[in-house]
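Inside the fold
So the chains spell out like this:
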Amino acid sequence: MKSFPYQISNLEEYHQAYQKSIKQPAQFWEEIAQNFIWKKKWDSVSEWNFKDPKIEWFKGAQLNITENCLDRHLNKFGDQAAIIWEPNNPNEQNRVLTYNDLYKQVCQFSHVLKNNGVKKGDTVCIYMGMIPELAIAVLSCARIGAIHSVVFGGFSAQSISDRLHDAKSEFVITCDGAFRGQKNIPLKSVIDEALISCPFVKRVIVYSRTQIPLNMIEGRDTWWEEEIKKIETKNCNIFEAEVMEAEDPLFILYTSGSTGKPKGVVHSTAGYMIYTNYTFINTFQYQTNDIFFCTADIGWITGHSYLLYGPLSAGATTVLFEGIPTWPNASRLWDIIDKFKINTLYTAPTAIRSLMSYGLEPLKGKDLSSLKVLGTVGEPINEEAWHWYNTNIGKNKCPIVDTWWQTETGGILISNLAGITPAIPSFATLPMPGIVPCLIDENGKEIEENNVSGNLCIKQAWPSIIRTTFGDHERCRKTYFSTYENKYYTGDGAFRDANGNYRITGRVDDVLNVSGHRIGTAEIENAINQHKGVIESAVVGYPHDIKGQGIYAYIIYNKNIDDVIALNNNITQTVSNIIGPFAKLDKIQFVNGLPKTRSGKIMRRILRKIAENDLNNLGDTTTLLDPNVVNEIKNGRI
Ligand code: WT7
């Protein structure tokens, strides 16, 4: 029995759905959209061009995404768990929020936002740990029509300040602190530091999680709990959802690229809702009453789409875990799976490789028989990790979906469908309905054949494609729509096999993927160069057993400095202060010069080869200004 009329339940249906989605996209998406709650239906299903770009889905329609994630489930699933929250410390009591609970708390907090001056169209920065209140804050913004901009708790004060400026956010929602493994992260004091350079922030709402002492600034800061009390005394447990246009922005999420500061990727309401719901239900083959566990932080797109909006719009139970897979020990995820009888686990290859390194001991006595489907996301999965996951976690009976997508795509674009289309280790396999991938060769021409590699692009708009980069539409056009005419450029390379299956080979631009997190090399170099002792730097990625890619920095430093060890530590600290602790330099090599062409361009290809220890394939070095620097760098390799 299909849990949803638009759920694909066999291979033939996949092919039918795919063909229809390409030949009659409007009809295809319209039929799916009929299953949602609208205040007003659309005038046209989609209108788009990649030239400007201008992309509109369900134009003319009106809705509120939270009515689709909450209100519509109350009759049938009101008492079912919407969110199961597992705290960092296994000895602390977990919390279960039913759909009724979540609805009530979102309504209450929507009143709090309104009382504090937040209006439709305002941008609200959310900087919190992984607690139910983070989900409540996000959904409440959506309910009142404010645009949420969630900033991952691992970002520094400087990064927050940049994002507040860029998004012009006058409101911040945060916690006193966050528990993550052994760490107690002082979120509010990071916010205080960030706000020194953001005098335009009017209000900071603080949820108390870790009870660490902190400064509350009168007139600006207020406690979440006290605000809720005010609402409770008035018994305001219902909040009429704001009427939103289909194309009204739902959120901004910052992500790194190959140049400049991170950009605010903007997603809009209706298309994002339809596509995350559709891909959630089909990729993971979600069945009513399944318990879904996505280990990503809500601060990244995976958390937005497949911890919150996708599962909640499907009426699923979603697990929100505050901690990390390896604390207090490497059995943590397996214990959570057994505790809640989780059916689907969606995690990153880096987590799998990290857990793999502990051997099988942490799995002793763990049942895991509730699992039906496994998923991976964020980076290519190597075959060894895939087989370990399949054998030891899925016990060879759970299909593994390898889901390829990006912050900009909003939802999964290329993936097998669990148990429906075949899995091939290290391949994301086939496109989702509505997605038309293509490969482009070095001359910018599309490659039609199979068994080829090229730059991965997408030829048609899908409902949750990026709409703009906040405040700078031209940057959006340049980054994604100008490299190849009429195509969305992904920045990834891919191989296509004889049967049309895609294998993602990694970024082809200057973007690194460290533990499934995207960081631009230029961004890291800018941070390194802020250190007074640094003259110049160049950063590349290299293969790292656990993180996928590690960060390798070549640095020319000021010769007046004699304590090089201290310098090394200070530079690491500088990067952590400017970007955040998660952007850790794995290797620093001090050099006297960098391999530059006569026009002054750093030849990263050579630096990459040296970092990868591929010393005999450096290629042509004759165009270098000073070919000798290459030998020196080779000899000093770390
Ligand atoms: C980049 C996007 C999508 C949510 C998490 C990351 C890489 C993502 C896969 C996969 C190989 C993958 C790509 C992509 N990537 N999923 N299944 N196989 N590579 O989102 O931070 O926007 O990063 O992650 O390189 O471009 P993101």
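Rules of the game
Residues numbered from 1 in each chain as written. Predicted model: local features only at pLDDT ≥ 70, side-chain atom pairs only at ≥ 80, totals over all residues. Heavy atoms only, no water. Salt bridge = Lys/Arg side-chain N within 4 Å of Asp/Glu carboxyl O. Helix = DSSP H or I, 4+ residues; strand = E, 2+ residues; numbered from the N terminus. Buried < 20%, exposed > 50% of the residue type's maximum accessible area, 1.4 Å probe, protein only. Pairing = 2+ DSSP bridges. Near = heavy atom within 4 Å. Polar contact = N/O pair within 3.5 Å; in protein donor to acceptor, adjacent residues only side chain to side chain. Nonpolar A, V, L, I, M, F, W, Y, C, P; charged D, E, K, R; others polar. Contact = heavy atoms within 4.5 Å. Phe/Tyr/Trp six-rings, centres within 6.5 Å; stacked < 30°, edge-to-face > 60°. Lys NZ or Arg CZ within 6 Å of the ring centre and 35° of its normal. Expected span 1.5 Å × (residues − 1). Core = buried A, V, L, I, M, F, W, Y, C linked by side-chain atoms within 4.5 Å. Domains from an automatic or database assignment. Buried area = accessible area lost by both parts, 1.4 Å probe. Axes fitted to C-alpha atoms, helices over the stretch in contact; angles between N-to-C directions. Parallel < 35°, antiparallel > 145°, perpendicular 65-115°, else oblique.

**Let's talk about the pattern of salt bridges**
- This model, assessed by the stated rule, comprises 36 salt bridges.
- Salt-bridge contacts for Glu67 lead to Lys39; the nearest nitrogen and oxygen are separated by 3.2 Å. Placement of the pair is Glu67 in helix α3 (residues 65-69) and Lys39 in the loop between α2 (25-33) and β1 (44-49), with a sequence separation of 28 residues.
- When its relative accessible area of 13% is taken as the criterion, Glu67 is described as buried.
- The exposure class assigned to Lys39 is partly exposed, which follows from its relative accessible area of 33%.
- For the salt bridge of Lys547 with Asp586, the shortest nitrogen-to-oxygen distance reads 2.6 Å. Highlighted residues: Lys547 in the loop between β29 (534-544) and β30 (548-557) and Asp586 in the loop between α17 (564-578) and β31 (587-590), separated in sequence by 39 residues.
- By relative accessible area, which is 24% here, Asp586 ends up partly exposed.

**Describing the pairing of β29**
- Bridge count between β29 and β30: ten bridges; the pairing is antiparallel. Across the sheet, residue His544 finds its bridge partner in β30, namely Gly548.
- Here β29 folds back onto β30 in antiparallel fashion, the turn holding three residues.

**A look at unusual backbone geometry**
- Following Asp52, the chain continues into Pro53 via a peptide bond in cis, with omega recorded as -15°.
- Among the secondary structure elements, Pro53 is positioned in the loop between β1 and β2 (54-59).
- Here the amide bond leading from Trp327 into Pro328 is cis, since omega sits at 0°, within 30 degrees of zero.
- Within the fold, Pro328 resides in the loop between β17 (317-321) and α12 (332-340).
- Unusually for a residue other than glycine, Asn289 sits at a positive phi of about 80°.
- Mapped onto the fold, Asn289 is located in the loop between α10 (269-283) and β16 (291-294).

**What about the site of the ligand?**
- What surrounds the ligand is a group of 17 residues, the closest being Asp402, Thr403, Thr407, Asp492 and Arg518.
- Note that an oxygen atom of the ligand is positioned 2.8 Å from one of the side-chain N or O atoms of Arg507.
- One of the side-chain N or O atoms of Arg518 is found 2.6 Å from an oxygen atom in the ligand.
- Of all elements in the fold, only α11 (301-313), β20 (400-403) and β26 (502-507) reach the threshold of two or more residues within the shell around the ligand.
- Grouping the constituent residues of the shell around the ligand by class yields six nonpolar, six polar and five charged.

**Here we look at the environment of Lys596**
- Inspection of the secondary structure puts Lys596 in the loop between β31 and α18 (604-611).
- A relative accessible area of 22% means that Lys596 is categorised as partly exposed.
- Each C-alpha atom of the pair Lys596 and Asp620 lies 13 Å from the other, and the pair is 24 residues apart in sequence.
- Discounting chain neighbours no more than four positions away, the residues touching Lys596 are Glu536, Lys601, Ile602, Leu624 and Leu625.
- A distance of 2.9 Å separates polar atoms of two side chains, one belonging to Lys596 and the other to Glu536.

**A look at the packing of aromatic side chains**
- Counted by the stated rule, this structure contains 45 aromatic pairs.
- The side chain of Arg163 reaches across the aromatic face of Phe155, ending 4.3 Å from its centre.

**Quick notes on the environment of Ile337**
- Take Ile337: it is sitting in helix α12.
- Residues Ile337 and Leu368 lie 31 residues apart in sequence; the distance between their C-alpha atoms is 6.4 Å.
- In this view, Ile337 contacts Phe293, Ile342, Leu345, Leu368, Ser370 and Leu371; residues no more than four positions away in its chain are not counted.

**Looking at helix α6 (residues 132-144)**
- With 13 residues, α6 extends 18 Å from end C-alpha to end C-alpha; this agrees with the ideal 18 Å at 1.5 Å per step.
- α6 sits mainly inside the fold: 13 of its 13 residues count as buried.
- Note on α6: the residue one or two positions beyond its end, Gly145, has a positive phi of about 85°.

**Some points on the nonpolar core**
- Of all hydrophobic cores here, the largest spans 163 residues; its most connected members are Trp38 and Phe58.
- Residue contributions to this core peak at nine residues, all from α6.
- Mapping this core onto the domain boundaries places at least three of its residues in each of domain 1 (68-245) and domain 2 (515-635).
- Excluding anything up to four places from it in sequence, Phe58 contacts Trp29, Ala33, Trp38, Trp42, Ser44, Val45, Ala246, Ala270, Gly271 and Ile274.
- Counting 29 residues, the second largest nonpolar core, distinct from the first, contains Ile84, Leu371, Trp386 and Trp388.

**Thoughts on the domain arrangement of the chain**
- When the domains of the chain are assigned, the result is domain 1 (68-245) and domain 2 (515-635).
- Computed over C-alpha atoms only, the centres of domain 1 and domain 2 are separated by 38 Å.
- Each side of the interface is counted separately: domain 1 has six residues, and domain 2 has seven residues.
- At the boundary of domain 1 with domain 2, total buried surface from both sides reaches about 460 Å², with 59% on carbon and sulfur atoms.
- Its largest share of buried area at the contact with domain 2, domain 1 owes to Gly154, Phe155 and Ser156, together 60% of the area lost on that side.

**Side note on helix α16 (residues 521-529)**
- Counting buried positions over the nine residues of α16 gives seven, a clear majority of the element.
- Inspection of α16 places Thr521, Ala522, Glu523, Ile524, Glu525, Ala527 and Ile528 among the buried residues, and these make up the whole buried set.
- Where α16 is buried, its residues meet β27 (511-514), β28 (517-520), β29, β30, α17 and α18.

**Section: the packing of α2 against α10**
- Closest axis-to-axis distance for the α2/α10 pair is 11 Å, and the angle between their directions is 85°. As the angle between them shows, α2 and α10 are arranged roughly perpendicular. Facing α2, whose interface residues are Phe28, Trp29, Ile32 and Ala33, α10 presents Ile274, Tyr275 and Tyr278.
- A class-by-class count of the residues in the contact of α2 with α10 yields seven nonpolar, no polar and no charged.

**Remarks on the pairing of strand β15 (residues 263-268)**
- For β15, the tally of buried residues reaches six of six residues, placing the bulk of the element in the interior.
- Side chains Lys263, Val265 and His267 of β15 all project onto a buried face; the interleaved residues Gly264, Val266 and Ser268 project onto the opposite face, where all are buried too.
- Inspection of the sheet shows strand β14 (residues 249-255) paired to β15 by six bridges, in the antiparallel sense. Bridging across to β15, Pro249 finds its partner in Ser268.
- Here β15 runs beside strand β24 (residues 468-469); their pairing, made up of two bridges, is antiparallel. Considered in β24, the bridge of Val266 is made with Thr468.

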